[in-house]
There are 2 protein chains.
Amino acid sequence: MAIRNAIEADVPEILAFIRALAKYERAPDAVTATEGDLRSHGFGPNPFYQCLIAEEDGRPTGFAFFFFDYSTWIGRPGIYLEDIFVYPEFRGRGIGKALLQRVAAIAVQKGCARLKWEVLDWNTPAIEFYSAMGAQLMDEWRSMRVTGEALARLAGDAVSAETAS
Amino acid sequence: MAIRNAIEADVPEILAFIRALAKYERAPDAVTATEGDLRSHGFGPNPFYQCLIAEEDGRPTGFAFFFFDYSTWIGRPGIYLEDIFVYPEFRGRGIGKALLQRVAAIAVQKGCARLKWEVLDWNTPAIEFYSAMGAQLMDEWRSMRVTGEALARLAGDAVSAETAS
């Protein structure tokens, strides 16, 4: 098993991982990202994300997709792990653990205070796996989001307020 | 009321907001960030965060602290709102709403797909306020994190594995 940084030529594989993970998370139709999106946002001058690829005999087996966030309490950057996934046929070989360890090593090397991610509450195997790796379940916290038209409406109100003032 | 981008000279006020919010979130001793941390991470060449300050007659009344994340499903950056807070004595005047609207406007302007944040499950007034602004509670998701010594241990395992291979 080898783990390496993704390069631009890996974009089709990255999108395949994203689609496979969405299917596993019971949202197979949620992925509208294109190869062009991932190429321009991850491999330009100011990339929005970084990606690690695990391979076996040259075949991609798993990936970790992350970016930097910031802890206001600790006053240091952190790493936010957006996606981590291993193809089902390659599970049970320590690939997920190795990917998580490598992301943690990058976090420590960059002086980060924490490594953070989200998990579905029904995904007990994942929660148990992460807990065994030293992760804490932040059970008091809930995620909220505004997307699409609701985001445009909220933003539009700000624009109207500025125009009016 | 005015809302403006924070500048380096606002760092003491930003830290005061962070401490006040931590106290409200029942973790008054959790803030170890220093003015130096916030200065170097927010106002250098590659800032880790951005910050808006709301003012009334030159006095800071509220703040929003955020950075960019990335949606692998939509293939576009998003904004992650790490902190939003209005001092209790200035509540009920629409300051929190105006801050959230301004962050949403920045998100739309930057081509972001979503605006995301976390809320404590017992903070019903906040959840109701955000829901009224068009936000969805992502009730299936739970946050996990690895910090401090657990992070170093996880990272250390990766280093050992590399040395051994």
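Keep in mind it's a predicted model, so treat the numbers as computed, not measured.

**Student:** Is there a simple way to explain the pattern of salt bridges in this structure?
**Tutor:** Two side chains with opposite charge may pair up if their charged atoms get near one another. In total, this model carries 22 salt bridges over all chains according to the counting rule given. Ionic pairing is found between A:Asp10 and A:Arg4, a salt bridge with its closest N-O pair at 2.8 Å. When its relative accessible area of 8% is taken as the criterion, A:Asp10 is described as buried. The class for A:Arg4 is partly exposed, based on a relative accessible area of 28%. The residue A:Asp139 makes a salt bridge to B:Arg142 at a minimum N-O spacing of 3.4 Å. Highlighted residues: A:Asp139 in the loop between strand S6 (136-138) and strand S7 (141-147) and B:Arg142 in strand S7 (residues 141-147), drawn from two different chains. Among the residues examined, A:Asp139 registers a relative accessible area of 44% and is labelled partly exposed. Exposure remark for B:Arg142: the relative accessible area of 12% places this residue in the buried category. Overlapping salt bridges bring together A:Arg4, A:Asp10 and A:Glu55 as one network.

**Student:** Even after reading the chapter, I still don't get the interface of chain A and chain B, so can you show me in this structure?
**Tutor:** In many reports, interface size means the accessible area that the parts give up when they come together. Listed by partner, the interface residues are 73 residues for chain A and 73 residues for chain B. When chain A packs against chain B, the two sides together hide about 7100 Å² of surface, and 62% of this comes from carbon and sulfur. By the criterion of area lost to chain B, the three top residues of chain A are A:Trp73, A:Arg142 and A:Met144, representing 14% of everything that side buries. Seen at the junction of chain A and chain B, the total is 8 salt bridges. Connecting chain A to chain B are 30 residue pairs in polar contact (both at pLDDT 80 or more). Residue contributions to the side of chain A that touches chain B peak at 9 residues, all from helix H5 (residues 148-164) of chain A. Taken together, the residues of the side of chain A that touches chain B break down into 44 nonpolar, 12 polar and 17 charged.

**Student:** Mind showing me how you'd approach the relation of the copies chain A and chain B here?
**Tutor:** Here the two chain copies are tied together by a rotation about an axis and a shift along that axis. Each copy of the sequence occupies a distinct position, and chain A is placed on chain B by a rotation of 180° and an axial shift of 0.0 Å, giving an RMSD of 0.0 Å. Such a combination of rotation and displacement between the chain copies is what one expects of a two-fold axis. No C-alpha of chain A lies nearer the rotation axis than that of A:Arg142, which sits 3.3 Å from it. Taken together, the interface assignments show that 100% of the residues at the interface of chain A recur at the interface of chain B, consistent with an identical surface on both copies.

**Student:** Just checking my understanding: could you explain the environment of A:Gly58 for this structure?
**Tutor:** Residue and element names in this part refer to chain A. With respect to the element layout, Gly 58 can be found in the loop between strand S2 (50-56) and strand S3 (59-71). Residue classification places Gly 58 among the exposed positions, given a relative accessible area of 56%. A C-alpha to C-alpha distance of 9.2 Å links Gly 58 and Met 1, two positions 57 residues apart in sequence.

**Student:** Where do I start with the pairing of S7(B) in this structure?
**Tutor:** By the criterion of burial, S7(B) is predominantly enclosed, with 6 of the 7 residues buried. Here 7 bridges tie strand S5 (residues 114-120) of chain A to S7(B), and the two strands are oriented antiparallel to one another. The residue bridging A:Leu120 from the neighbouring strand is B:Trp141, located in S7(B). Pairing geometry for S6(A) and S7(B), over 3 bridges, is antiparallel. Paired with A:Leu137 across the bridge in S7(B) is B:Met144.

**Student:** Please clarify how the side chain of B:Arg145 should be interpreted in this entry.
**Tutor:** Following the sequence through the fold, B:Arg145 ends up in strand S7. Of the side chains with opposite charge, B:Glu118 comes closest to the buried, unpaired B:Arg145, at an N-O distance of 4.4 Å. Other than its neighbours up to four places away in sequence, B:Arg145 contacts A:Arg114, A:Leu115, A:Lys116, A:Gly134, A:Ala135, A:Gln136, A:Met138 and B:Glu118.

Rules and cut-offs
Residues numbered from 1 in each chain as written. Chains lettered and ligands numbered in written order. Predicted model: local features only at pLDDT ≥ 70, side-chain atom pairs only at ≥ 80, totals over all residues. Heavy atoms only, no water. Salt bridge = Lys/Arg side-chain N within 4 Å of Asp/Glu carboxyl O. Buried < 20%, exposed > 50% of the residue type's maximum accessible area, 1.4 Å probe, protein only. Helix = DSSP H or I, 4+ residues; strand = E, 2+ residues; numbered from the N terminus. Contact = heavy atoms within 4.5 Å. Buried area = accessible area lost by both parts, 1.4 Å probe. Polar contact = N/O pair within 3.5 Å; in protein donor to acceptor, adjacent residues only side chain to side chain. Nonpolar A, V, L, I, M, F, W, Y, C, P; charged D, E, K, R; others polar. Least-squares fit on C-alpha atoms with pLDDT ≥ 70 in both. Pairing = 2+ DSSP bridges. Lys, Arg positive; Asp, Glu negative; His and termini not counted.

Nothing here speaks to function; it is all geometry.
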